[in-house]
Amino acid sequence: MAKVKKFLLDVLTKTILPSKSKVSVVFLKQLSSFLRLLAHEEFKTLLLPVMTKAMLRSPEIALSAVGSILASMFLNLSVYMSDQSKMFLTNLRSKEENTREDEIEGTLALGRQCSIQSRSSVLDLVAPFRTNTLSSAVPLIPSLSKVVDNAVKQSAQVAIVSEAVHAAACLVKIAGVDLATEQSLAELLTLVVDTEKCMFYQEKFLAGAGAAALQSLTSLITTLLISHVDKVGSTPTPMLRSLAICMMSSVSSVRRLAVKEVSKLSNTLGGAGIVTSLVGEVVTLLQTRQVVTDSQARGEAPPGGDLPASGDIP
């Protein structure tokens, strides 16, 4: 086994990550069973330095591979969150749409491998936006706003709207920090609470959005209902229906996040009434939808390495 691990690590560190062209994600998924066996010391000393070098040299090539590797690991990567998120942040402003999308997918993969404490907010879910101070988050507002504006102009494009929902989730979180910042984001808040016009709550997007986008949509909605409920209005039915769809997603990670965020909502003033309305939306959807389990039980996890920070629901 030791010889096999060394061989596969050599393949990753000497061939795949230094590659001058993008490596197929399908191929990388074939290594997922091996990656789950890695221990912290192997990741830290053998894999992480090469990943870092590759991202600094050619992020447009390395990001998709790094994201796929992180998504397959069974380690709690919280200790690496700070350094890795700084590297991911620079690529958010890339002129290449594919690079920005790879960056978002990669940072979400990193966030999912971190402890619950490190992922307790929307800014933790999308790692490059993770911040402890308003001053470090504010410079992101123009770039994030442009992503949302672009989606408004191309609201029929699910991929572009998916990118925007990540940005909007972060902006709404930033808006809740203080009054001045909230006022500067008034136009954005007006958009995301307009449940009839906002592209995030439309059927086409909800039907075509991937797991990462639905996770950000969950965070966006619950942040609005907790921190900006005065702007939401008395009958946010499309918003609640969207949240219900996330709770019934076929992807377990989306369902878990939705349940977790709704539990926070239930503890707020007026939250009980909102949750009651949400349950009504879930019941309505249950009449036409079926929840399909896609995840491996914790008890079936392969030996070796650590379990992920937040394991699958058995």
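Residues numbered from 1 in each chain as written. Predicted model: local features only at pLDDT ≥ 70, side-chain atom pairs only at ≥ 80, totals over all residues. Heavy atoms only, no water.

Turning our eyes to something else, we now look at the packing of aromatic side chains. Under the definition given, this model contains one aromatic pair. Aromatic pair Phe200 and Phe205: ring centres 6.3 Å apart, planes at 55 degrees, arrangement tilted. Overall, the relative accessible area of 0% leaves Phe200 in the buried class. The class of Phe205 is buried, set by a relative accessible area of 3%. (Phe/Tyr/Trp six-rings, centres within 6.5 Å; stacked < 30°, edge-to-face > 60°. Buried < 20%, exposed > 50% of the residue type's maximum accessible area, 1.4 Å probe, protein only.)

Moving on, we come to the nonpolar core. Core analysis: the largest hydrophobic core is formed by 54 residues, its most contacted members being Val192, Phe200, Tyr201, Leu217, Leu220 and Leu224. Elements with a contribution of two residues or more to this core: helix H10 (141-153), helix H11 (158-175), helix H13 (186-193), helix H14 (203-208), helix H15 (211-227), helix H17 (237-247), helix H18 (252-266) and helix H19 (271-286). The greatest single-element share of this core, amounting to twelve residues, is contributed by H11. Discounting residues that sit within four places of it in the chain, Tyr201 has contacts with Val192, Asp194, Thr195, Leu206, Leu217, Leu220, Ile221, Leu224, Pro238, Met239 and Ser242. Leu17, Leu28, Ala62 and Leu63 belong to the second largest nonpolar core, which has 30 residues in total. (Core = buried A, V, L, I, M, F, W, Y, C linked by side-chain atoms within 4.5 Å. Helix = DSSP H or I, 4+ residues; strand = E, 2+ residues; numbered from the N terminus. Contact = heavy atoms within 4.5 Å.)

In this section: the pattern of salt bridges. Under the criterion given, the structure shown has seven salt bridges. The salt bridge partner of Lys14 is Asp10, with a shortest N-O separation of 3.9 Å. Linking Lys14 with Asp10, this pair stays in helix H1 (residues 2-16), spanning four residues, or about one helical turn. Overall, Lys14 belongs to the exposed group, its relative accessible area being 60%. You can call Asp10 partly exposed: its relative accessible area is 24%. Across the pair Glu203 and Arg241 runs a salt bridge, and its minimum N-O distance is 3.1 Å. Linking Glu203 in helix H14 with Arg241 in helix H17, this pair joins segments that are 38 residues apart in sequence. Classification of Glu203 by relative accessible area gives partly exposed; the value is 40%. Residues joined by salt bridges that share partners form a network here, namely Lys6, Asp10 and Lys14. (Salt bridge = Lys/Arg side-chain N within 4 Å of Asp/Glu carboxyl O.)

Within the protein chain, residue pLDDT values average 79, and 79% of them lie at 70 or more. Here helix H8 (residues 122-125) stands out as the least confident element of the protein chain, with mean pLDDT 44; H13 is the most confident, with 94. Taken together, the stretch residues 119-124 has pLDDT below 50 and engages in 24 contacts with residues farther than four places along the chain or on a different chain. Predicted confidence for residues 295-314 stays below pLDDT 50, and this span has 41 contacts to residues more than four positions away or in other chains. (pLDDT = per-residue confidence, 0-100.)

So, on to the packing of H15 against H17. Direction vectors running N to C along H15 and H17 enclose 140 degrees, while the axes themselves pass 10 Å from each other. In this view, H15 runs oblique relative to H17, as classed from their interaxial angle. You can see that H15 and H17 cross each other, and the crossing is left-handed. For the pair H15 and H17, the contacting residues are Leu214, Leu217, Thr218, Ile221, Thr222, Leu224 and Leu225 in the first and Met239, Leu240, Ser242, Leu243 and Cys246 in the second. Here the residues of the contact of H15 with H17 are counted per class, giving nine nonpolar, three polar and no charged. (Axes fitted to C-alpha atoms, helices over the stretch in contact; angles between N-to-C directions. Parallel < 35°, antiparallel > 145°, perpendicular 65-115°, else oblique. Left-handed = near helix turned anticlockwise from the far one by under 90°. Nonpolar A, V, L, I, M, F, W, Y, C, P; charged D, E, K, R; others polar.)

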